[in-house]
Amino acid sequence: MVRHFLKDDDITPVEQAEILRRALQLKQAPYSVRPFEGPKTVALIFDKTSTRTRVSFAVGVSDLGGAPLIIDSQSSQMGAKESIADTARVLGRQVAQIVWRTYAQTGLEEMANYAGVPVINSLSDSYHPCQILADLLTVQEHKGQLAGLKLAYVGDASNNMANSYLIGGATAGMHVAVAGPAGYLPDPGIVTRAELIAAKTGGSIEIHGEPHAAIQNADVVVTDTWVSMGQESDKEQRLRDFAGYTIDSALMAQAKPDAIFMHCLPAYRGYEVSAEVLDGPQSVIWDEAENRLHAQKALMAWLAEQA
């Protein structure tokens, strides 16, 4: 059976730990695993602009012995003259895997249903599971473990990052505390899924309506942009709604003294995070950005073995 990675709980806790273990190995020996030797081609499809995702997947495919085929959807037939299902049938006969940065989760599901090869969600409006693998890898490197640690996510708790932190963090056995203002809290269905996973892994889930309770005694503090792609027209309203949610030194001080700070980038200094925190000694954002490469290589190699 072909395995896909469309959302964080498409892999089990044991599988997540195995992928992270392989990521650490590949970080030390970048060219030691070559599942795409040949070279085989991996399709990298982008509906949204990208820097870290595009670079890390293109480099990762090359490191694994393959050829990255970058497709900007605006210059292809997909979704316009040709259905996703038909595109999937074509790509599946010519490429080893498909990586797609898109909008609707349903599109990824349709692609996976018809492609016949592994499909990876490199970002959708619902989840950002590859970013979470990189973040978990970063936490593991800096803290030596994942299970039992408290991760606090503060900001837009209704977005794809919050969804993935809840589910991916619970899968890792972490205590995930999320805080967002009214109107920006997680979907109850996502919370329930995360709680069910946490009950099995020893983790826990907390949802708060203000940042202080969430960040108290946290080992890891995370935020994300308040204005994502496609939300620019709502910027002024969002800045008002998120007043008091900036991760600054005073708020960061409520976490543990050795807490680390992460942000998936791009970051906007002075909005969701202050410059003193983003560029300060507790910030590990550059390790986090680099780890997209290693975590995604491990994921692609693991998926290549599952068929």
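The coordinates are above.
Note that the structure is predicted; figures quoted are calculated from it, not measured.

Caption draft 1: Structural context of the packing of aromatic side chains. Scanning all chains against the criterion turns up four aromatic pairs. Look at tyrosine 184 and phenylalanine 242: their rings are 4.6 Å apart centre to centre, the planes differ by 50°, and that puts the pair in the tilted class. In this pair, tyrosine 184 sits in the loop between β6 (175-179) and α7 (188-201) while phenylalanine 242 sits in the loop between α9 (235-241) and α10 (249-252), placing the two residues 58 residues apart along the sequence. With respect to class, tyrosine 184 is no different from phenylalanine 242; both count as buried. The interplanar angle of 90° and the centroid separation of 6.2 Å between the aromatic rings of phenylalanine 242 and tyrosine 245 together place this pair among those described as edge-to-face. The residues phenylalanine 242 and tyrosine 245 share a single accessibility class, namely buried.

Caption draft 2: Broad picture of the pairing of strand β1 (residues 41-46). Counting buried positions over the six residues of β1 gives five, a clear majority of the element. You can see the chain leave β1, run along helix α2 (residues 52-63) and come back into strand β2 (residues 67-72), and the turn it takes is right-handed. Sheet topology places β1 next to strand β3 (residues 97-101); five bridges connect them, and they run parallel. By the bridge assignment for β3, alanine 43 is matched with isoleucine 98.

Caption draft 3: Fine view of the side chain of asparagine 159. Its place among the elements puts asparagine 159 in the loop between β5 (150-154) and α6 (160-171). A distance of 2.9 Å separates a polar atom in the side chain of asparagine 159 from the backbone nitrogen of alanine 162.

Caption draft 4: Layout of the pattern of salt bridges. Using the criterion set out here, one finds 16 salt bridges in the structure. For lysine 48, the salt bridge is made with aspartate 125, and the minimal N-O distance between the two is 2.9 Å. Taken together, the positions of lysine 48 in the loop between β1 and α2 and aspartate 125 in the loop between β4 (119-123) and α5 (129-143) put the pair 77 residues apart, joining distant regions of the chain. Here aspartate 125 falls in the partly exposed class, since its relative accessible area comes to 44%. Members of the salt-bridge network, linked through shared partners, are Glu18, Arg21, Arg22 and Glu305.

Caption draft 5: Just the pairing of β5, in detail. β5 sits mainly inside the fold: five of its five residues count as buried. Burial along β5 is two-sided: Lys150, Ala152 and Val154 and Leu151 and Tyr153, pointing in opposite directions, are all buried. With five bridges joining them, β5 and β6 adopt parallel strand pairing. If you follow lysine 150 over to β6, its bridge partner there is histidine 175. Read as a crossover between parallel neighbours, the route from β5 over α6 to β6 is right-handed. Two elements, β5 and strand β8 (residues 220-223), share three bridges in a ladder whose sense is parallel. Within the sheet, the bridge partner assigned to tyrosine 153 lies in β8 and is valine 222.

Rules and cut-offs
Residues numbered from 1 in each chain as written. Predicted model: local features only at pLDDT ≥ 70, side-chain atom pairs only at ≥ 80, totals over all residues. Heavy atoms only, no water. Phe/Tyr/Trp six-rings, centres within 6.5 Å; stacked < 30°, edge-to-face > 60°. Helix = DSSP H or I, 4+ residues; strand = E, 2+ residues; numbered from the N terminus. Buried < 20%, exposed > 50% of the residue type's maximum accessible area, 1.4 Å probe, protein only. Right-handed = clockwise from strand over helix to strand, strands pointing away. Pairing = 2+ DSSP bridges. Polar contact = N/O pair within 3.5 Å; in protein donor to acceptor, adjacent residues only side chain to side chain. Salt bridge = Lys/Arg side-chain N within 4 Å of Asp/Glu carboxyl O.

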